[in-house]
Amino acid sequence: MKLFTKVAGALAISAMFVAWPVSAKEVVLKAVTSFQPGSLIDRPFARFVEKVNEEGKGLVQIDMMGGPSAMPPFEVGNSVQTGVIDMAFVTSAFYTNLLPVGDGIKLTEYTIQELRENGGWEYINELHNKKMNTWFLALTGDRVPFHLYVNKPVEKADLSGLTLRVTPVYRAFFEALNANSIQTPPSEVYTTLERGVVDGYGWPIQGILDLGWHEVTKARVDPGFYTVNVNILVNLDKWNALSDEQRDFLNKMAEWVESTNAEAEQVNQEEAKRQADAGMVVYTLEGEEREKWLDTAREAGWAQILQAAPDDGPRLRELLTK
Ligand code: 173
């Protein structure tokens, strides 16, 4: 046997022994986030990835492929459905093309911990399995409300004359109060405001300052409405191909990241203070106007979901509302 063949053979054999225990056990999941890395909305996922990579050595690792500059946010649902990526951090409003009823999760009156108890998570997961080939691993943001931010006064539950930047989260609500709407991904919010293309936009209470939007935003309207859901989804074929040990580990990590959702209440207050410190004012609707604001949000929200998903909407509503 020639030396080269011997060496190559020995290397191949040692590679088998060295590599085998790792490659058989460890899976690397390719992930994309649909929110700006480093921003508050993305933070739960950044922490999740860090913890998985630290505690999952030899079992599960996550390879972060990037954020909105690597993949447009409204494409992320398609990519995790088809297996272009294995894992996504994405809000249900960004994949209404695949699962229109998913946008209804914003109307939940329960936390994710409660939804795991009352069958809500199970139904949401089943919808994700069947309609978009994904496993609904975890939900973040359930204690974070959305708000309207504006550069013109809003003294009543009436948005006549305003053009607002929306996503599916806000469209039905703002239009029910007579606003014009323009849909954009988050990456276009700053310039549309700066150029005066819109008079305001919807966004959670968190993240305005780390996106720099306080520079082009005069005011927030209170009260907030709905709750955020930014979800960790796993391609279903990938999920099914994992070992029990890998799935158990990821479920444990999911439970952990969902437990950190409770920290949001404090962050919400800190964010409101940072907005005030940056000079943003608050228009607070009170009394009947406040009632009208919240009732319209809820009613227009559910009407939109029931219209878009007449089969699945009613069951979702039963499970999410008190
Ligand atoms: O405003 C948005 O882009 C949006 O729909 C959203 C959803 C969840 C978290 C942050 C933003």
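Residues numbered from 1 in each chain as written. Predicted model: local features only at pLDDT ≥ 70, side-chain atom pairs only at ≥ 80, totals over all residues. Heavy atoms only, no water.

S.K.: I'm lost on helix α10 (residues 264-277) in this one. Help?
M.R.: Helical geometry: 3.6 residues make up each α-helical turn, so side chains three or four residues apart lie on a common side. Taking 1.5 Å of rise per residue, 14 residues should cover 20 Å, and α10 covers 19 Å from first to last C-alpha, within 8% of that figure. All buried positions along α10 are accounted for by Ala264, Val267, Asn268, Glu271 and Gln275. Projected onto a plane normal to the axis of α10, the buried residues spread over an arc of 105° and lie on a single side. The outward face of α10, more than 90 degrees from its buried face, is lined by the exposed residues Gln266, Gln269, Lys273 and Asp277. Taken together, the buried residues of α10 touch α2 (43-55), β5 (146-150) and β9 (219-225). Following α10 by one or two positions, Gly279 adopts a phi angle in the positive range, close to 95°. (Helix = DSSP H or I, 4+ residues; strand = E, 2+ residues; numbered from the N terminus. Expected span 1.5 Å × (residues − 1). Buried < 20%, exposed > 50% of the residue type's maximum accessible area, 1.4 Å probe, protein only. Arc of directions from axis to C-beta. Contact = heavy atoms within 4.5 Å.)

S.K.: How do you make sense of the site of the ligand when you look at a structure like this?
M.R.: Neighbouring the ligand are 14 residues, the closest being Arg165, Thr167, Val169, Tyr170 and Trp203. In the environment of the ligand, an oxygen atom lies 2.8 Å from a nitrogen or oxygen atom belonging to the side chain of Thr167. One nitrogen or oxygen atom from the side chain of Tyr170 is found 2.5 Å from an oxygen atom belonging to the ligand. Protein chains shield 100% of the accessible area of the ligand, which is 300 Å² for the free molecule. In the shell around the ligand, the residues fall into 10 nonpolar, 3 polar and 1 charged. Formed jointly, the shell around the ligand draws a minimum of three residues from each of two domains, domain 1 (24-143 + 228-265) and domain 2 (146-227 + 268-320). (Near = heavy atom within 4 Å. Polar contact = N/O pair within 3.5 Å; in protein donor to acceptor, adjacent residues only side chain to side chain. Areas by Shrake-Rupley, 256 points an atom, 1.4 Å probe, with all protein chains shown as cover. Nonpolar A, V, L, I, M, F, W, Y, C, P; charged D, E, K, R; others polar. Domains from an automatic or database assignment.)

S.K.: I would appreciate a short explanation of the pattern of salt bridges in the present structure.
M.R.: It is possible for side chains of opposite charge to pair when their charged atoms get near one another. Under the criterion given, the structure shown has 14 salt bridges. Here Arg47 makes a salt bridge to Glu263, at a shortest N to O gap of 3.1 Å. Here Arg47, found in helix α2, pairs with Glu263, found in the loop between α9 (244-259) and α10; they are 216 residues apart in sequence, far enough to count as distant. Across the pair Arg274 and Glu271 runs a salt bridge whose closest N-O atoms are separated by 2.6 Å. With a gap of 3 residues between them, Arg274 and Glu271 both fall in helix α10, about one helical turn apart. Given the relative accessible area of 2%, Glu271 is considered buried. (Salt bridge = Lys/Arg side-chain N within 4 Å of Asp/Glu carboxyl O.)

S.K.: What's the story with the sheet that holds strand β3 (residues 87-91) in this structure? I'm lost.
M.R.: Adjacent strands of a sheet form backbone hydrogen bonds with each other and so pair up, either parallel or antiparallel. With mixed pairing, the 5 strands of this open sheet are ordered in space as β2-β1-β3-β10-β4. If you trace the sheet from one side to the other, it starts and ends with β2 (60-66) and β4 (134-140), each paired once. Taking each pair of neighbouring strands and ignoring which way they run, the sheet shows an average axis angle of 30°. Here 5 bridges tie β3 to strand β10 (residues 230-235), and the two strands are oriented antiparallel to one another. Bridge pairing in β10 links Met87 to Val234. This element, α9, spans β1 (27-33), β2, β4 and β10 of the sheet and lies at about 25° to β4. (Pairing = 2+ DSSP bridges. Axes fitted to C-alpha atoms, helices over the stretch in contact; angles between N-to-C directions.)

S.K.: Would you mind going over the packing of aromatic side chains with me for this structure?
M.R.: What describes a pair of aromatic rings is the distance from one ring centre to the other and the angle between the planes of the rings. One pass over the structure, following the stated rule, counts 20 aromatic pairs. Each ring, one from Phe173 and one from Phe225, has its centre 4.8 Å from the other, and the planes form 70°; the classification is edge-to-face. Of the two residues, Phe173 is situated in helix α6 (residues 171-176) and Phe225 in strand β9; the sequence distance between them amounts to 52 residues. Taking relative accessible area as the criterion, Phe173 reaches 0% and is therefore assigned buried. By the ring-pair criterion, three or more aromatic residues cluster together here, those being Phe35, Phe74, Phe94, Tyr149, Tyr201, Trp203 and Trp213. (Phe/Tyr/Trp six-rings, centres within 6.5 Å; stacked < 30°, edge-to-face > 60°.)

S.K.: Would you take a moment to explain the layout of surface pockets for this structure?
M.R.: For the largest pocket, the calculated volume is near 240 Å³. At the level of elements, β9 and α11 (287-308) are the ones that each hand at least two residues to the lining of the largest pocket. A total of 4 residues in the lining of the largest pocket trace back to one element, the largest contributor, which is α11. Looking at the lining of the largest pocket residue by residue, the classes come out as 8 nonpolar, 3 polar and 4 charged. In this structure, the lining of the largest pocket is formed jointly by two domains, domain 1 (24-143 + 228-265) and domain 2 (146-227 + 268-320), each of which donates at least three residues. Approximately 200 Å³ is the volume attributed to the second largest pocket. Taken together, 13 residues line the second largest pocket, and the ones lying closest to its centre are Gln36, Pro186, Ser187, Leu211 and Trp213. (1 Å grid on protein atoms, 1.4 Å probe; cavity = no way out; pocket = protein on both sides within 12 Å on 5 of 7 lines; lining within 4 Å. Points joined across faces, edges and corners; volume = space filled by probe spheres on them.)

S.K.: I keep staring at the sheet that holds strand β8 (residues 200-204) and nothing clicks. Help me out?
M.R.: Taken together, 6 strands build an open sheet; the order of strands is β7-β6-β8-β5-β9-β11 and the sheet is mixed. At either margin of the open sheet sits one strand with a lone partner, and together these are β7 (180-183) and β11 (281-284). If you compare each strand with its neighbour and ignore which way they point, the axes differ by 30° on average. In terms of strand pairing, β5 meets β9 through 4 bridges, oriented antiparallel.

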